[in-house]
Amino acid sequence: MDVMNHLQQAVKRAQDENELPDFLAARILRMAEQPDRYRVLQADIERLIDQLADYDTYGQTGYLGMGVNNVILEKAIERLEEKAARL
């Protein structure tokens, strides 16, 4: 499966199952809509997909928690956007 299709599916699953906010989903889906720009960052995209699988709006994060919350996910998105802008 194409990494961008996998990313889209991960976003949908996170929205449906874990209440991923629309504003974060929109930013991630914009990446998926620009495969030529982001494909070179495939390893980073795959890490983002893993983070989406661990996303939990209300889950524990930080010292003992293993989840990914809005702040962690938004920072990952920002790093990807910045890397893509430099390409």
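Definitions and cut-offs
Residues numbered from 1 in each chain as written. Predicted model: local features only at pLDDT ≥ 70, side-chain atom pairs only at ≥ 80, totals over all residues. Heavy atoms only, no water. Helix = DSSP H or I, 4+ residues; strand = E, 2+ residues; numbered from the N terminus. Buried < 20%, exposed > 50% of the residue type's maximum accessible area, 1.4 Å probe, protein only. Polar contact = N/O pair within 3.5 Å; in protein donor to acceptor, adjacent residues only side chain to side chain. Contact = heavy atoms within 4.5 Å. Salt bridge = Lys/Arg side-chain N within 4 Å of Asp/Glu carboxyl O.

A word on the side chain of Asp 44
With respect to the helices and strands, the residue Asp 44 is situated in helix α4 (residues 42–54). Overall, Asp 44 belongs to the buried group, its relative accessible area being 15%. Reaching out from Asp 44, the side chain makes a polar contact with the side chain of Arg 47 at a distance of 2.4 Å. Residues contacting Asp 44, with those up to four places away along its chain left out, are Leu 80 and Lys 83.

Re the pattern of salt bridges
Summed over the entire model, instances satisfying the criterion amount to 7 salt bridges. Salt-bridge contacts for Lys 83 lead to Asp 44; the nearest nitrogen and oxygen are separated by 3.1 Å. A residue pair is termed long-range when its members are at least 10 positions apart, and Lys 83 in helix α5 (residues 70–86) and Asp 44 in helix α4 qualify at 39 residues. Of the charged contacts, one joins Glu 78 and Lys 75 as a salt bridge, the two residues approaching to 3.9 Å between their closest N and O atoms. Here Lys 75 and Glu 78 lie together in helix α5, a separation of 3 residues that amounts to about one turn. Classification of Lys 75 by relative accessible area gives partly exposed; the value is 44%. Salt bridges here are not isolated pairs; linked through shared partners, they connect Arg 27, Glu 74 and Glu 81.

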